[in-house]
Amino acid sequence: MTETWTMTKALNEGLRRSMRDDERVLLMGEDIGRLGGVFRVTEGLQAEFGEQRVMDTPLAESGIVGSAIGLAMRGWRPVCEIQFDGFVYPAFDQITSQLAKQTYRHAGSQSFPVVIRIPYGGHIGAVEHHQESPETYFAHTPGLRVISPATPHDAYWMIQEAIAGNDPVIFLEPKSRYWPRGEVDLAASGIGVHASRIVRRGTDVTLIGHGAMVATLLAAAEIAEQEGTSAEVVDLRSLSPIDYGPLIESVRRTGRAVVAQEAPQHVSVGSEIAATIAERAFYSLQAPVLRVSGFDTPFPPAKLEGVYLPDADRVLEAVDRALAY
Amino acid sequence: MATASETICLLSPEGVLVESEMTERLLPLIEALPEERLLDFHRQMAVTRRLDVEASHLQRQGQLALWIPSIGQEGAQVGSGYAARQQDHIFPAYREHAVARIRGVDLMRLIELLRGLDHGGWDPAAHGNFHLYTLVIGSQTLHATGYAMGIGLDGASGTGDPERDEAVMVYFGDGATSQGDVSEALVFAASYQTPQVFFLQNNHWAISVPVSRQSRTPLVRRASGFGIPGLQIDGNDVLAAYAVTRVALDDARAGKGPRFIEALTYRIGAHTTSDDPSKYRDEAELAYWQARDPIARYETYLRGRGVADAFFAEVAEEGEALAADMRRRTLALGPPPQSKVFAHVYTDPHPLIAEQQTWLEHYERSFGGEA
Amino acid sequence: MTIARFPLPDVGEGLTEAEIVSWRVAPGDRVELNQAICEIETAKSLVELPSPFAGIVVELLAAEGDTVDVGAPIIAVDTEEASEAPAEPSPADVAAETATDAAATVAEEDEGSGAVLVGYGTTGNVQSRRHRLARAVPATAAASVIAKPPIRNLARELGVDLAVVMPTGLAGEILREDVIRHAEQAKVFHNLETPEAPVDREERIPVKGMRKAIATAMVRSKFTAPHVSEFTEVNATRTMELVKRLKASPDFAGVRVSPLLIMAKAVIWAIRRNPMVNSTWTDEEIIVHHYVNLGIAAATPRGLIVPNIKDAQDLSMRELAEALEQLTLTAREGRTTPQDMQGGTVTITNVGSFGVDTGTAILNPGEVSIMVLGAIRQKPWVVDGEVRPAYVTTVSGAFDHRVVDGDVISRFISDVASVIEEPALLLD
């Protein structure tokens, strides 16, 4: 059975299902209860599950994550919402010094099933701190899992899988993809939560990305097709761990790879992927692995986001370069 | 030293019970204690101090990377430690060795932590609900608050049965009160009316920074700013520590909301064995506090109650024996297995961990003989 | 006497040395466990050290005022009478253990190379490396052409098609020398460029020397012996696998292994089963040789020569490999002697090494058979009803029909091909 939902609706339904399945799951964050969240992702959930399980917290990100850790010690399964990507930093210490290390510190005597949902990324014309891509900081932190759905179907399933898992998860929601609709297969996910997926088949170059970037890569692939270049597109879905199997298999066939991300390039997830592909598919590469990223500047004022964010043209420029080798 | 309008003290520095309106209300709690428990107060303080001294020696002999002395703070810790009930959960900072012992934690866990064998690693559920030491200043206050929120959600407090109702006690220091996380913990505790006692050991120093740099007002006043009732006590008075904490915990577990206790005490020793207080403290201040030692005053009190020499001698011997045992066991500690690097990074299986662990195994096997 | 030594500990999380400020004990003194024995000054502070043992002080190993490295022993105590066992020098952390090792080598005063920027310092104690047992195994390679980017670049510059280059790398990859060798031979067998149109209408070259000799020999061979050629295509995957394994084997370290080696062994084996192919025709009699002097056609810029390996049937696989390598080197250097080229009984010509599939060869005069080893390429092959990529080559040969008929020729070709397909037959 399938439904056609926005990602917001898919997340809402996924959260609802998780909360129905397990009464230890609770939601906490700013404005998520009565208001239903600034993006309405948690709409209706406080009415259904009550104030105790859907908590409007004080305005304190570190407090949200820190108390979630304590709740997890007590056997609850907290799902925290950080209202915007740029506001996760006050909670950074609780996430990296505490949450990421608690299982290790406890030598496995407890698990810490805390999910932290963060709307992230650009393309929404917002003011400063509301269009960040902080995934690298968390992917770089051992002890965390980092995932990001690109479609409503993946959003529906991955949020449930993140909640059901026993490890801390940073769940990055590409907010520019909140409103486009997509088919959601309610029967099954069809794929592991950390698996990467080839979403378009091609022969000449492999395009790799996550979150909102996947739509951009598909658009670039369509244009490339008209020009006679057959591009394969891979949705990473998980940034930590990264499922390299399909990536390497793809690059072995195409011989060329372009990794695209909204995040700034210097020391990014894209850089890690480029290095790993070079190491594992060295003899298959006809060209170096190229990266297309945001510039290494703070995210610019909204009027300049079109210049800053990689679009199909920037992706195709890299494809041209890769093919020229 | 910043005192509030009333600093609660049941037992003076001279070891004499104090008669006052406040003590009148609290002394019954002391009188209700069996004699055995009153002797335990001394035993715990004295033995913990003896083990603490031994641990410092072991550090100076190269057996530990670090030791964190608790000397001078035994009164606050033992009193509050005994005030907690078995079902309570304790969130320490990293200096609460006496509380650890009272909750049943073998100090070898702390030795192993400070020798670099692990990051703590004991299971709180199997160690009297004494949670792991947290080295990031103040972070534990949020974890404790979250835990207490969880107790509330479970309906495991406020039922009116103090034998079963649960409460949380979190320890932190004067330096920690400047950290944002501590404020946030107080915000959440007040908002959600958690069954929780915030126990602040104001030992007057955060390494080399005096408490006057942390606050221009007695720290206990912070509590009312958050809407949480707070009391200040003479932290070197084990009886006050016991009585006030007992009331606070029982109020919290009865659903009356969080409580805050500031225990005025002093860090007689250094911050850790890497620190040298002679660089920033003066002898006079040290002497002032040494004259207010928790163990000395309590011994005077017990002797005044008729406790004989033999008891004190026996406790001293016990201290010596336990110290020798701790030494023996420390010297016998071997290196941790290499596999420990990779153990328990995640609860669920993780491919990158498995890959790197396998790599290291192959790498180690590729070496032959001695370097 | 049980002497225990107390190594200077790191008392402050990463200190590397300390100065002995004052001793509180002297040799001969009785010392108790934890008794303060000295005061040291570190970068951070003045620290009293408590004795880790009880006993009698034997020797103070550092003097007041000395700066001592962490890990160096500072006092020796006779602990025999004490109930405590002396502490093992097992300091808390790995850093201290490394320091102990370093301290043990201090006496040697082994300075570093000094070849480092000022400020970075080589502070004595050249470290040695842990001894590795096994060689690093190269990563498994992809299925298609394997060559590192610089090699691809070189191939492109030299106009070499990597698909036809015989790889000699351990992981099956094409090495720089493979590309260069191919290019060198390509210069001989491929036209790389189109020269300028000649100015003269004709060029006349005198027929003499080697050219004359080759012409004479080829004419004699071709127009006296009726040549018959047969061809067969075979799946050479197992030969390629064997070549790869031999290359990696310590028994074949230092010697070139190539499919030609397997071909040579195959020919020798097939000759045992089909002796007539290894003979010489004279008008009166056919001399069947019970030895194999294996000729290998070697192209040199001056022309084709065929030196042979004497009694190749007696050589082990390794010896044969060495002989083949030696033969090639000698020919390339122009040092092949007339004796090397006399007495051959059978020849192999390796057209595969320059990318050609097969050909009809001309017999070396006095011989009855010449085998042609073609290029080994990946091609589709049907295995169990499925089309799969496999290494495929053409095995062919030309034969003197005066001596052998089609059936012998076919059986011989078939035998050689069988070995290429299944080298394990050589174990017979």
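Residues numbered from 1 in each chain as written. Chains lettered and ligands numbered in written order. Predicted model: local features only at pLDDT ≥ 70, side-chain atom pairs only at ≥ 80, totals over all residues. Heavy atoms only, no water.

## Notes on the overall build of chain B
No. 1: Per the secondary structure count, chain B includes 13 helices and eight strands.
No. 2: Scaling as 2.2 N^0.38, a compact globule of 371 residues should have a C-alpha radius of gyration of about 21 Å, and chain B matches this with 22 Å.
No. 3: A total of 371 residues make up chain B; the buried ones form 59% of that total.
No. 4: Sequence-distant contacts, at least 24 apart, represent 77% of the contacts inside chain B between residues at least 6 apart.
No. 5: Here chain B displays about 14,300 Å² of accessible surface, and carbon together with sulfur accounts for 53% of that area.
No. 6: For chain B, the distance from the average position of its 33 positive side-chain charges to the average position of its 49 negative side-chain charges is 2 Å. (Helix = DSSP H or I, 4+ residues; strand = E, 2+ residues; numbered from the N terminus. Rg over C-alpha atoms; globule rule 2.2 N^0.38 Å. Buried < 20%, exposed > 50% of the residue type's maximum accessible area, 1.4 Å probe, protein only. Contact = heavy atoms within 4.5 Å. Areas by Shrake-Rupley, 256 points an atom, 1.4 Å probe, with all protein chains shown as cover. Lys, Arg positive; Asp, Glu negative; His and termini not counted. Charge placed at Lys NZ, Arg CZ, Asp CG, Glu CD.)

## Focus: helix α6 (residues 139–154) of chain B
Counting along an α-helix, one turn takes 3.6 residues, and residues three or four places apart therefore face a common direction.
Residues and elements named next belong to chain B.
No. 1: In a regular helix each residue adds 1.5 Å, so 16 residues correspond to 22 Å; α6 covers 23 Å between its end C-alpha atoms and thus fits that length.
No. 2: Burial analysis of α6 places 14 of its 16 residues in the buried class, the great majority of the element.
No. 3: Of the residues one or two after α6, Gly155 is the one with positive phi, at around 70°. (Expected span 1.5 Å × (residues − 1).)

## Brief notes about unusual backbone geometry
No. 1: Residues Ser240 of chain A and Pro241 of chain A are joined by a peptide bond in cis, for which omega reads 0°.
No. 2: Even without glycine at this site, His123 of chain A takes up a positive phi of about 80°.
No. 3: As for its placement among the helices and strands, His123 of chain A is situated in the loop between β5 (115–120) and α5 (135–139).
No. 4: Look at His123 of chain A and you get partly exposed, because its relative accessible area is 38%.
No. 5: Its identity as a non-glycine residue notwithstanding, Ile207 of chain B has a phi of 50°, on the positive side.
No. 6: Note on Ile207 of chain B: relative accessible area 40%, which makes it partly exposed.

## Things to note about the pattern of salt bridges
Residue and element names in this part refer to chain B.
No. 1: Counted under the stated rule, the structure contains 59 salt bridges over all chains.
No. 2: Arg49 is paired through a salt bridge with Asp293; the nearest N and O atoms lie 2.7 Å apart. Placement of the pair is Arg49 in helix α2 (residues 35–60) and Asp293 in the loop between α10 (283–290) and α11 (294–304), with a sequence separation of 244 residues. The pair Arg49 / Asp293 is uniform in exposure class, with both members buried.
No. 3: Linking Lys279 and Asp276 is a salt bridge whose minimum nitrogen-to-oxygen distance equals 3.6 Å.
No. 4: A cluster of three or more residues bridged by salt bridges with shared partners is formed by Arg85, Asp88, Glu163, Arg246, Asp250 and Arg253. (Salt bridge = Lys/Arg side-chain N within 4 Å of Asp/Glu carboxyl O.)

## Comments concerning the interface of chain C and chain B
The parts lose accessible area when they come together, and the size of an interface is often stated as this lost area.
No. 1: The partner chain B presents 24 residues to the 28 residues of chain C that form the contact.
No. 2: Summed over both sides, the interface of chain C with chain B buries roughly 2,200 Å², with 49% coming from carbon and sulfur.
No. 3: Here chain C and chain B share one salt bridge between them.
No. 4: Notably, a salt bridge pairs Glu364 of chain B with Arg130 of chain C, separated by 2.7 Å at the nearest N-O pair. (Buried area = accessible area lost by both parts, 1.4 Å probe.)

## Concerning the interface of chain A and chain B
No. 1: Contacts between the two partners involve 45 residues from chain A, matched on the other side by 43 residues from chain B.
No. 2: Roughly 3,400 Å² of surface becomes buried between chain A and chain B when both sides are summed, with 57% attributable to carbon and sulfur atoms.
No. 3: Considering only the surface of chain A that becomes buried against chain B, Arg74, Tyr104 and Arg105 of chain A emerge as the three largest contributors, covering 21% of it.
No. 4: Inspection of the region where chain A meets chain B yields four salt bridges.
No. 5: Between Arg74 of chain A and Glu166 of chain B there is a salt bridge; the shortest N-O distance is 2.5 Å.
No. 6: Linking chain A to chain B there are 23 residue pairs in polar contact (both at pLDDT 80 or more).
No. 7: Mapped onto the side of chain A that touches chain B, the elements with two or more residues apiece are β3 (54–56), α3 (61–73) and α4 (92–105) of chain A.
No. 8: Residues of the side of chain A that touches chain B, tallied by class, amount to 14 nonpolar, 22 polar and nine charged. (Polar contact = N/O pair within 3.5 Å; in protein donor to acceptor, adjacent residues only side chain to side chain. Nonpolar A, V, L, I, M, F, W, Y, C, P; charged D, E, K, R; others polar.)

## Focus on the domain arrangement of chain B
No. 1: Segmenting chain B into domains produces domain 1 (7–331) and domain 2 (337–371).
No. 2: For domain 1 of chain B and domain 2 of chain B, the distance between their C-alpha centres works out to 39 Å. (Domains from an automatic or database assignment.)

## Topic: the sheet that holds strand β4 (residues 36–41) of chain C
Residue and element names in this part refer to chain C.
No. 1: As summarised here, the arrangement of the four strands in space is β5-β4-β2-β7, forming an open sheet in which the pairing is antiparallel. Each edge of the open sheet carries a strand with a single partner, namely β5 (46–50) and β7 (67–69). Strand-to-strand twist across the sheet, computed as the mean angle between neighbouring axes with direction ignored, equals 40°.
No. 2: Sheet analysis places β4 next to β5, joined by five bridges and oriented antiparallel. (Pairing = 2+ DSSP bridges. Axes fitted to C-alpha atoms, helices over the stretch in contact; angles between N-to-C directions.)

## Brief notes about the sheet that holds strand β4 (residues 77–81) of chain A
All names here are of chain A.
No. 1: With mixed pairing, seven strands are arranged side by side in an open sheet as β3-β2-β4-β5-β7-β6-β12. Two strands lie at the open edges of the sheet, namely β3 and β12 (238–240), each paired on one side alone. Taken pair by pair, the neighbouring strands of this sheet meet at an average axis angle of 20°, ignoring direction.
No. 2: Relative to β12, strand β6 (residues 145–147) runs antiparallel, the two sharing two bridges. Following the sheet pairing, Ile147 is matched in β12 by Ser238.

## Things to note about the side chain of Thr393 of chain C
All names here are of chain C.
No. 1: Inspection of the secondary structure assignment puts Thr393 in strand β19 (residues 386–400).
No. 2: Residue Thr393 is classed as buried on the basis of its relative accessible area of 1%.
No. 3: A distance of 3.2 Å separates a polar atom in the side chain of Thr393 from the backbone oxygen of Gly374.

## Considering the pairing of strand β11 (residues 231–235) of chain A
Residues and elements named next belong to chain A.
No. 1: Most of β11 sits out of view: five of its five residues are buried.
No. 2: In the sheet, strand β9 (residues 197–200) pairs with β11 via three bridges, with the strands oriented antiparallel. The residue bridging Ile198 from the neighbouring strand is Val234, located in β11.
No. 3: Pairing of strand β10 (residues 205–209) with β11 involves five bridges; the strand directions are parallel. Its bridge partner being in β11, Ile208 is matched across the sheet by Val234.

## Some thoughts on the side chain of Asp85 of chain A
Residue and element names in this part refer to chain A.
No. 1: As for its position among the elements, Asp85 is in the loop between β4 and α4.
No. 2: On the basis of relative accessibility, which here comes to 0%, the residue Asp85 falls in the buried class.
No. 3: There is a polar contact of 3.5 Å between the side chain of Asp85 and the backbone nitrogen of Gly121.
No. 4: A polar atom in the side chain of Asp85 sits 2.7 Å from the side chain of Lys175.
No. 5: Leaving out residues up to four positions away in the same chain, Asp85 has contacts with Ile118, Pro119, Tyr120, Gly121, His129, His130, Gln131, Glu132, Pro134 and Lys175.

## Topic: the packing of α11 of chain B against helix α12 (residues 309–331) of chain B
Residue and element names in this part refer to chain B.
No. 1: Interaxial distance between α11 and α12 falls to 10 Å at its minimum, and their mutual angle equals 145°. Residues Glu299, Leu302 and Arg303 of α11 touch α12, and the partners they reach there are Asp309, Phe311 and Phe312.
No. 2: Counted by class, the contact of α11 with α12 contains three nonpolar, no polar and three charged residues.

## A look at helix α3 (residues 74–83) of chain B
No. 1: Along α3 of chain B, 10 of the 10 residues are buried, which leaves the element largely enclosed by surrounding structure.
No. 2: Listing the buried residues of α3 of chain B in full gives Glu74, Gly75, Ala76, Gln77, Val78, Gly79, Ser80, Gly81, Tyr82 and Ala83 of chain B.

## Focus: a negative patch on the surface
No. 1: Taken together, the side chains of Glu6, Glu19, Glu21 and Glu24 of chain B present a region of like negative charge at the surface.
No. 2: Tracing the backbone through its elements, the reader meets Glu24 of chain B in helix α1 (residues 21–31). (Patch = residues over 30% accessible without salt bridge, like charges linked within 9 Å, V, L, I, M, F, W, Y side chains within 5 Å.)

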